[in-house]
Amino acid sequence: MRDATPPDLDQRLAQRLAQLRLGAGRSLDELAAQTGLSRATLSRFERGESSPSAAQLSRLAIAYGLTASRVLAEVETVPVRHLALARQQQWSDAASGFTRRMVCPPLAGFASELIAAEIGAGGTIDYDEPVQAGQEHHLCLLQGELVMHIDAQAFRLAAGDSLSWRSQGRTGFHNPGAVPARYLLAMTGSATP
């Protein structure tokens, strides 16, 4: 995996976040109240002066009724049918050590998407609420260790283990190990037109 998000993707993400807010007819103050992010932070995201963390992007996506994967896929400029490894978009959050690569991004008319992800040693990603309640998730841990928190339940996964669930509430991903945790995550929701 590459170490950083390409600058052009950051700029397209900034433009898309601004388009989503304006298209929804929301002010920065309204979006700040809904997401718990400050007005100044939202403004920096939309101007491309900083990039949202994984958790911040998820909160923004939820505010628009989307998944973070779908927001990232929307900044892809070329329609995707066959996507070579070199063209798969990657996004990184240095603060959490989280990197995601869109192996099979969302496509119009399709209900599933597939990401390859990595959480650095000791890294944690928490989502307070599901983007799409009831969405299927199927995770296969390829390397390392992962502790998954789904609502009030905890699951410890080792390399080769899988976990399937429908998102209903809080979800957390924690790598307690000394090496990166690498996994594939398939998500299936409603097909988009």
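Bear in mind the structure is a predicted one, so any value in this text is a computation, not a measurement.

Rules behind the numbers
- Residues numbered from 1 in each chain as written.
- Predicted model: local features only at pLDDT ≥ 70, side-chain atom pairs only at ≥ 80, totals over all residues.
- Heavy atoms only, no water.
- Helix = DSSP H or I, 4+ residues; strand = E, 2+ residues; numbered from the N terminus.
- Buried < 20%, exposed > 50% of the residue type's maximum accessible area, 1.4 Å probe, protein only.
- Contact = heavy atoms within 4.5 Å.
- Areas by Shrake-Rupley, 256 points an atom, 1.4 Å probe, with all protein chains shown as cover.
- Phe/Tyr/Trp six-rings, centres within 6.5 Å; stacked < 30°, edge-to-face > 60°.
- pLDDT = per-residue confidence, 0-100.
- Axes fitted to C-alpha atoms, helices over the stretch in contact; angles between N-to-C directions.
- Parallel < 35°, antiparallel > 145°, perpendicular 65-115°, else oblique.
- Left-handed = near helix turned anticlockwise from the far one by under 90°.
- Nonpolar A, V, L, I, M, F, W, Y, C, P; charged D, E, K, R; others polar.
- Lys, Arg positive; Asp, Glu negative; His and termini not counted.
- Salt bridge = Lys/Arg side-chain N within 4 Å of Asp/Glu carboxyl O.
- Polar contact = N/O pair within 3.5 Å; in protein donor to acceptor, adjacent residues only side chain to side chain.
- Arc of directions from axis to C-beta.

Draft legend 1. Up close: the overall build of the chain. Assigned secondary structure in the chain consists of five helices and 10 strands. Considering the chain as a whole, with its 193 residues, one finds that 47% of them fall into the buried category. Once local pairs closer than 6 in sequence are excluded, the contacts in the chain between residues at least 24 apart make up 66%. Roughly 9400 Å² of accessible area belongs to the chain as shown, and the carbon and sulfur atoms make up 53% of that amount.

Draft legend 2. A look at the packing of aromatic side chains. Evaluated as defined, the whole model comprises two aromatic pairs. Aromatic side chains Tyr127 and Phe173 sit 6.1 Å apart centroid to centroid with 85° between the ring planes, which places their arrangement in the edge-to-face category. One end of the pair, Tyr127, is in strand 4 (residues 124-127); the other, Phe173, is in strand 9 (residues 171-174), with 46 residues separating them in the sequence. Each member of the pair Tyr127 and Phe173 is classed as buried. An aromatic cluster of at least three residues, connected via ring pairs, comprises Tyr127, Phe173 and Tyr183.

Draft legend 3. Geometry of the confidence of the model for the chain. On average, the chain scores 86 in pLDDT, and the residues at 70 or more come to 90%. Per-element confidence in the chain ranges from a low mean pLDDT of 80 for helix 5 (residues 68-74) to a high of 97 for strand 7 (residues 153-158). Taken as a whole, residues 1-5 scores under 50 in pLDDT and shows 16 contacts with residues more than four places along the chain or in a different chain.

Draft legend 4. Examining the packing of helix 2 (residues 28-35) against helix 3 (residues 39-47) more closely. Where helix 2 meets helix 3, the axes come as close as 9 Å, and the angle between the chain directions of the two elements is 110°. Here helix 2 lies roughly perpendicular to helix 3, going by the angle between them. At the point where helix 2 passes helix 3, the crossing takes the right-handed sense. Within the contact between the two elements, helix 2 uses Leu28, Asp29, Leu31, Ala32 and Thr35 and helix 3 uses Arg39, Leu42, Ser43 and Glu46. Split into classes, the residues belonging to the contact of helix 2 with helix 3 amount to four nonpolar, two polar and three charged.

Draft legend 5. Highlighting the side chain of Arg101. With respect to the helices and strands, the residue Arg101 is situated in strand 2 (residues 98-104). One buried charged side chain, Arg101, makes no salt bridge at all; its nearest oppositely charged neighbour is Glu118, positioned 8.9 Å away. At a separation of 2.3 Å, a polar atom in the side chain of Arg101 contacts the side chain of Gln88.

Draft legend 6. Representation of helix 2 in the model. For helix 2, the full list of buried residues reads Leu28, Leu31, Ala32 and Thr35. The buried side chains of helix 2 occupy one side of the element, clustering within an arc of 105° when seen end-on. One or two residues past the end of helix 2 sits Gly36, with phi positive at roughly 80°.

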